[in-house]
Each structure stands twice: as C-alpha cells, then as structure tokens.
Amino acid sequence: MNDTQLFFFGFGLTTLVGWLSGLLVASWNTVDKTHKRMFINVPKPALKPIPDSRNKSVGTDPDQSPLQVLLQGCITILGQLMIQIIFLFALGVILIVGLQQEITQKSFVGIIFAGIVGFLTQNIRKNWKKIIQLYKMITTPPNPSLKLEPASPPNSHYVAATLGPPPPPPPLYPPLPPFTVLVKGFYEISWRLIWQLILLFLLFQSFIAAYFYLRDGTIRFLGGEAFVT
C-alpha cells in the first residue's frame, strides 16, 4: 500500500473499532437496564403520552404484568447477548487483520487523526443536542411530571411542573420562574454556541492538517507548521 492508503487504512481501522465499541457499550447498557427492570426497579407512577394530544396521562412504568415484564426482559437480554457476540467476533477479526499489517508512520497518523475526529464529532453532537434542549426549555410551556419525594417512602410522588424536556441531573427542583429560566437558558446557549464554533473550527483545522500531511508530509495547524516528515 502507498502512503495515502496506509493513512486511510489506519483511519478506517480505528473508526470501525470505535463504532463497534460504541454499539457494544449501548447493547450492554440495554441489558443492564432490562435486568434492573426485571429484578431491581419497582413499578412507579409515570406520565404516558396521549395520542393526538399535547397532554399526558398518569400510568405506571412498566405498564405490564410481572409475567410480561419477565418474558419480554428474557427475550431482550438473549437478543442483546447474541448481538454482543457478533460485535465481539467482528471486533476480533478487525483487530487481527489490523495487527497483521505493518504499522507504519502513515497508518499511525491515520489512527491518531481518527481519534481526534471521533472526539470532536462526539462533543459537537452532544453540545448541539444540549443547545436544542435549552432552546425548547425556554420556548415551550411547562409539562407536568412526577417527582420523587427524597424524604418519603418509595412510590410516594407528587405532581409538579418541569420546564420543557427533562433536564440532565440535577433536575430543576423546585421549578424556576420564567425570568430565571430565560436568563439562565440564554446564558448557557450563548457560551455553548461559542464552544460549538470552537469545536467546528478545530475539526476543520484537523482536516486541513491531514490534507497537507498527505500532500507534502507536513502537519500544519492554526497556520503554523508543526513538523516535517
């Protein structure tokens, strides 16, 4: 393989390993969540969406009989374990093929480039998702939700209002007044937009550095030349 092929071989190998690893972790999280639903978590009041309506009704989570929960949980866990076996087999094949190839400088740089691109794209996605959540929080009416009383026995709930979609922990407790929500929302959106632009700029510079490295063997970042190979 020539230098360009070696670079993209390292990039593709790392991308596949990262993608399969992410799917494996997601599958394991599903198994863990299903296990807790079967053996640990107790049924609790929950809001259920009403079809063709913005309102929600109070039901239970899960809304199935114990027998249905166990049967569905067993099927889900068995299916996810089979998927994990397939992922592990594919991951092993990819690693064996990769180790059989000679790890040259070009392929090593491709591996590093894949890691940088993966890190930046993941943070760009998470940051943008948070921006959308904050925007919905300040532009949509409050939704009723059930909150657990910390000092009360299990399954003792009361109805409160959350501002928009469920925020990440810690939750908005107690609910905040509109002025506070608006100020805090605009403040966080502003600095997250700035951070988003920085991440996009770094991603663009990473592609520019990879282009010049493949073209003439130099790595240029932020207008400077880091080193020559």
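Look a little higher up for the structure.
1. Quick notes on the overall build of the chain
Counting secondary structure elements, the chain contains four helices and six strands. Of all 229 residues assigned to the chain, the portion counted as buried reaches 25%. For the chain, contacts bridging at least 24 residues in sequence account for 60% of all contacts bridging at least 6. A total of about 15,400 Å² of accessible surface is found on the chain, and carbon and sulfur atoms cover 70% of it.

2. Some remarks on the pattern of salt bridges
All chains considered together, the criterion is met by two salt bridges. Where Lys 36 meets Asp 32, a salt bridge forms, and the shortest distance between an N and an O atom there is 3.5 Å. Residue Lys 36 and its partner Asp 32 are located together in helix H1 (residues 3–39), separated by four residues, close to a single helical turn. Given a relative accessible area of 33%, Asp 32 falls into the partly exposed group. In this structure, Glu 188 and Arg 192 form a salt bridge, with 3.0 Å as the shortest nitrogen-oxygen distance.

3. Considering the environment of Ser 57
Within the fold, Ser 57 resides in strand S2 (residues 56–61). A sequence separation of eleven residues divides Ser 57 from Ala 46, and the C-alpha atoms of the two residues are 8.3 Å apart. Sequence-distant contacts of Ser 57, that is, excluding residues within four places in its chain, are made with Ala 46, Leu 47, Lys 48 and Ile 50.

4. Details of helix H4 (residues 178–216)
Here H4 spans 56 Å end to end across 39 residues, near enough to the 57 Å set by a 1.5 Å rise per residue. Looking at the residues trailing H4, positive phi occurs at Gly 217, about 80°.

5. What to know about the pairing of S2
Regular strands show a simple pattern: their side chains alternate between the two faces of the sheet. As defined by bridge partners, strand S1 (residues 44–49) adjoins S2 across six bridges and the pair is classed as antiparallel. Bridge pairing links Lys 48 to Ser 57 in S2.

6. Notes on the packing of aromatic side chains
Under the counting rule described, the total for this entry stands at three aromatic pairs. Ring centres of Phe 11 and Phe 113 lie 5.4 Å apart, and the angle between their planes is 35°; on these two criteria the pair is classed as tilted. Placement of the pair is Phe 11 in helix H1 and Phe 113 in helix H3 (residues 105–139), with a sequence separation of 102 residues. Exposure remark for Phe 113: the relative accessible area of 9% places this residue in the buried category. Pairing Tyr 211 with Phe 212 gives two aromatic rings, centres 5.3 Å apart and planes at 70°, and the pair type is edge-to-face. You can call Phe 212 buried: its relative accessible area is 17%. These aromatic residues form a ring-pair network of at least three members: Phe 11, Phe 113 and Phe 207.

Calculation criteria
- Sequence order as written defines residue numbering, which begins from 1 separately in each chain.
- This being a predicted model, a pLDDT of at least 70 is required before a residue's local features are given, and a value of 80 or more before pairs of side-chain atoms are given or counted; all residues contribute to the totals for chains, interfaces and linings.
- Excluding hydrogens and water, the side-chain values take into account all heavy atoms of the structure.
- Each helix corresponds to a stretch of at least 4 residues labelled H or I by DSSP, and each strand to a stretch of at least 2 residues labelled E; elements are numbered beginning at the N terminus.
- Exposure classes here rest on a 1.4 Å probe applied to the protein chains alone. A residue is buried below 20% of its type maximum, exposed above 50%, and partly exposed in between.
- By definition in these notes, contact holds between two residues if any of their heavy atoms fall within 4.5 Å.
- Values of accessible area rely on a 1.4 Å probe in the Shrake-Rupley scheme; residue burial ignores everything except the protein chains shown.
- What counts as a salt bridge is simple: a side-chain nitrogen of Lys or Arg found within 4 Å of a carboxyl oxygen of Asp or Glu.
- One less than the residue count of a helix, multiplied by 1.5 Å, gives the span that helix is expected to have.
- Whether two strands pair depends on DSSP finding at least two bridges between them.
- For Phe, Tyr and Trp, rings pair up if their centres lie within 6.5 Å, where Trp contributes its six-membered ring, and each pair is then called stacked (planes under 30 degrees apart), edge-to-face (over 60) or tilted (otherwise).

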